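Structural description and commentary
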Amino acid sequence: MTISFLVDTDILSLFAKTEAIQILLRLFGAERLPITPGVFSELLAPLDYGYDFPHQVFANSTVVSLSSTELELYAQLRLEGNVSSADAEQIAVCHTRAWVYVTMDRVAARIAASHQVHTVDLYALFKALRKGEVLTDDALYKLILRMEHLDRTKFPFRDEFFSP
């Protein structure tokens, strides 16, 4: 059984910045990553500032169109005003198609859950990379460190993935 999914812009950006999009493809058993038009638009913004990492996402993704039912839910979510356009699109698609929503955004995850959308966060994604043997413990830890460095952040759960 193939599980379909949508990954939010932030996670796609993390993996693209570290040149690790292929890792996501391997994890999901996909040839291409589905993205919504809103995610595509959000990924265009860094290009205006001279960043080229979005090209990695574009080269390995396919834009999915929203159905009329998905557009109705999208409009409802946007009018509520709690999520971005891209998040609203992803929640609408995942709700209608019973896809999994992979997000770092806690507000979007909470709203998705209220619409019966199964969500996966970055922590669970890293655990899946380890459990699915997509990456060794050492490779996963190095990826996390690289992401933290390039994104100028620190993941609170990083040390859980440390393998001495």
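A brief structural summary. (Residues numbered from 1 in each chain as written. Predicted model: local features only at pLDDT ≥ 70, side-chain atom pairs only at ≥ 80, totals over all residues. Heavy atoms only, no water.)

1. What about a nonpolar patch on the surface?
In plain terms, the rule: Residues enter patches when their relative accessible area tops 30% and they take part in no salt bridge; the joining distance is 9 Å for like charges and 5 Å for the nonpolar side chains Val, Leu, Ile, Met, Phe, Trp and Tyr. Here the Shrake-Rupley method, with its probe set to 1.4 Å, supplies the accessible areas, and only the displayed protein chains count as covering residues. A pair is scored as a salt bridge if a Lys or Arg side-chain nitrogen falls within 4 Å of a carboxyl oxygen belonging to Asp or Glu. A run of DSSP states H or I qualifies as a helix once it reaches four residues; a run of E qualifies as a strand once it reaches two. Both are numbered from the N-terminal end. Burial classes: relative accessible area under 20% of the type maximum marks a residue as buried, over 50% as exposed, and values in between as partly exposed (1.4 Å probe, protein chains only).
Side chains of Phe40, Leu44 and Val63 sit close together on the surface and give an oily, nonpolar patch of about 210 Å² of accessible area. Tracing the sequence through the fold places Val63 in strand β3 (residues 61-63). Accessibility expressed as a relative area gives 42% for Val63, which makes it partly exposed.

2. Regarding the pattern of salt bridges
Counted according to the given criterion, the structure contains four salt bridges. In this structure, Lys17 and Asp151 form a salt bridge, with 2.5 Å as the shortest nitrogen-oxygen distance. Highlighted residues: Lys17 in helix α1 (residues 9-17) and Asp151 in helix α9 (residues 137-151), separated in sequence by 134 residues.

3. Concerning the sheet that holds strand β4 (residues 100-102)
Selection criterion: Strands are treated as partners if at least two bridges between them are detected by DSSP.
Taken in spatial order, the three strands of this open sheet run β1-β4-β5, and their pairing is parallel. Strands with a single pairing partner mark the edges of an open sheet, and in this sheet they are β1 (5-7) and β5 (119-120). Both β1 and β4 contribute to a ladder of three bridges, which runs parallel. Within the sheet, the bridge partner assigned to Leu6 lies in β4 and is Tyr101.

4. Points about the nonpolar core
For clarity, the threshold we go by: What is meant by a nonpolar core is a set of buried Ala, Val, Leu, Ile, Met, Phe, Trp, Tyr and Cys residues, joined one to another through side-chain atoms within 4.5 Å. Residue contacts are defined here by distance: any two heavy atoms, one from each residue, within 4.5 Å place the two residues in contact.
Membership of the largest hydrophobic core comes to 36 residues, with the highest contact counts inside it found for Leu12, Phe15, Leu122 and Phe126. Aside from chain neighbours lying at most four places away, what touches Leu12 is Val7, Ile21, Leu24, Leu33, Ile35, Val39, Leu43 and Val57. One finds Leu73, Val83, Trp99 and Ala112 within the second-largest nonpolar core, a separate group that totals 17 residues.

5. Quick word on the environment of Asp105
Put simply, the rule reads: Nitrogen and oxygen atoms within 3.5 Å of one another constitute a polar contact, given that in protein one can donate a hydrogen and the other can accept it, and given that sequence-neighbouring residues count only through two side-chain atoms.
Note on placement: Asp105 falls in the loop between β4 and α7 (106-114). Not counting the four nearest positions on each side in its chain, Asp105 is found in contact with Asp8 and Asp87. Engagement of the side chain of Asp105 in a polar contact is seen with the backbone nitrogen of Ala108, the distance being 2.9 Å.

6. Considerations on the packing of helix α8 (residues 122-131) against α9
Note the threshold: Axis lines are fitted through C-alpha atoms, for helices just across the contact stretch, and the angle between N-to-C directions can take any value from 0 to 180 degrees. In this scheme, roughly parallel covers angles under 35 degrees and roughly antiparallel covers those over 145, while 65 to 115 is roughly perpendicular and the rest are oblique. Crossing handedness is defined as follows: a turn of the near helix away from the far one that is anticlockwise and smaller than a right angle gives a left-handed crossing, while the clockwise case is right-handed. Residues are grouped as follows: Ala, Val, Leu, Ile, Met, Phe, Trp, Tyr, Cys and Pro are nonpolar; Asp, Glu, Lys and Arg are charged; every other residue, Gly included, is polar.
For the pair α8 and α9, the least separation of the axes is 9 Å and the interaxial angle reads 150 degrees. By the angle between their axes, α8 is roughly antiparallel relative to α9. Relative to α9, the crossing made by α8 is right-handed. Along the contact surface, α8 presents Phe126, Leu129 and Arg130, while α9 presents Asp137, Leu140, Ile144 and Met147. For the contact of α8 with α9, the per-class residue count stands at five nonpolar, no polar and two charged.

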